[in-house]
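# Fold and contact review
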Amino acid sequence: MSTPALIGVAALRGRYTARSIQLGEDPEVLVPLLRRIWTDTFGRDTDAMAAALLARNWWSLSVNPKPRRWHRQPPVAGLGYPSVTENNTIRQGSLRENLDGFDEWMYLLRPDQRLLLV
């Protein structure tokens, strides 16, 4: 089931920088998808993947997104569908803080260790 989520990069001392995924997924679905995107699209270059994910908010992620007539923005090849909302802000915070909103999951890359934290 699709749920709002955040995806981004973990930093020192429990800090993070993230973008939203409007139609995120539970870890059972999104973790294998992220692994496939990391391998197929970015050739296991975690830094490049992190930069691409932080470039915009996302409607949903997909390895092979197809153009949709109803979607106002074209898909990003190998990554997914950009969000069409006006709110295109980067979220920064601490894992110790309460997240305001309806986000159910947070997926954070650790490029220095090639890890994904959920």
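Figured I'd write up the structure that's included with this text. The shown structure was predicted, so the numbers you read here are calculated from the model rather than taken from an experiment. (Residues numbered from 1 in each chain as written. Predicted model: local features only at pLDDT ≥ 70, side-chain atom pairs only at ≥ 80, totals over all residues. Heavy atoms only, no water.)

### Quick notes on the overall build of the protein chain
- Of regular secondary structure, the protein chain possesses two helices and seven strands.
- Along the protein chain, helices (α) and strands (β) appear in the sequence β-β-α-α-β-β-β-β-β when read from the amino end.
- The C-alpha atoms of the protein chain give 13 Å as radius of gyration, which agrees with the globular expectation for 118 residues (13 Å, within 12%).
- Considering only contacts in the protein chain between residues 6 or more positions apart, those separated by 24 or more positions represent 55%.
- Carbon together with sulfur atoms contributes 52% to the accessible area of the protein chain, which is approximately 7200 Å² in total.
- Put simply, the protein chain has 15 plus and 12 minus side-chain charges, and the middle of one group is 5 Å from the middle of the other. (Helix = DSSP H or I, 4+ residues; strand = E, 2+ residues; numbered from the N terminus. Rg over C-alpha atoms; globule rule 2.2 N^0.38 Å. Contact = heavy atoms within 4.5 Å. Areas by Shrake-Rupley, 256 points an atom, 1.4 Å probe, with all protein chains shown as cover. Lys, Arg positive; Asp, Glu negative; His and termini not counted. Charge placed at Lys NZ, Arg CZ, Asp CG, Glu CD.)

### Brief notes about the environment of Val9
- If you trace the backbone, Val9 turns up in strand β1 (residues 3-10).
- It is 18 Å that separates the C-alpha atoms of Val9 and Asp26, two residues lying 17 residues apart in sequence.
- Ignoring sequence-local partners within four residues, the contact set of Val9 consists of Arg15, Tyr16, Thr17, Ala50, Leu54, Leu108, Leu109 and Pro111.

### Considerations on the nonpolar core
- One finds Ile37, Met49, Leu53 and Leu61 to be the most contacted residues of the largest nonpolar core, which totals 21 residues.
- Looking at this core, the elements that each hand over two or more residues are β1, α1 (27-41), α2 (46-53), β3 (58-61) and β6 (105-110).
- Ranked by residues supplied to this core, first place goes to α1 with five residues.
- Not counting the four nearest positions on each side in its chain, Met49 is found in contact with Leu34, Ile37, Trp38, Phe42 and Leu109.
- Counting residues in each nonpolar core, the second largest holds six residues, with Leu6, Ala18, Met106 and Leu108 among its members. (Core = buried A, V, L, I, M, F, W, Y, C linked by side-chain atoms within 4.5 Å. Buried < 20%, exposed > 50% of the residue type's maximum accessible area, 1.4 Å probe, protein only.)

### Some points on the side chain of Ser60
- Within the secondary structure layout, Ser60 lies in strand β3.
- Here Ser60 is in contact with Ile21, Leu23, Leu79, Gly80 and Tyr81, once residues within four sequence places are set aside.

### A few points about the packing of aromatic side chains
- One pass over the structure, following the stated rule, counts zero aromatic pairs.
- Here Arg68 stacks its cationic end above the ring of Tyr81, 3.8 Å away from the centre of that ring. (Phe/Tyr/Trp six-rings, centres within 6.5 Å; stacked < 30°, edge-to-face > 60°. Lys NZ or Arg CZ within 6 Å of the ring centre and 35° of its normal.)

### What to know about the environment of Glu28
- Looking at the secondary structure, you find Glu28 in helix α1.
- Taking C-alpha positions, Glu28 is 21 Å from Phe42, a pair spaced 14 residues apart along the chain.

### Topic: the pattern of salt bridges
- The full count for this structure, using the stated rule, is two salt bridges.
- With a shortest N-O distance of 3.1 Å, Asp40 and Arg36 are connected by a salt bridge. Separated by four residues within a single helix, Asp40 and Arg36 lie in helix α1, roughly one turn from each other.
- Owing to a relative accessible area of 47%, Asp40 belongs among the partly exposed residues under this scheme.
- Put simply, Asp112 and Arg110 hold a salt bridge, and the shortest N to O gap is 3.4 Å.
- Its relative accessible area of 60% is what places Asp112 among the exposed residues. (Salt bridge = Lys/Arg side-chain N within 4 Å of Asp/Glu carboxyl O.)

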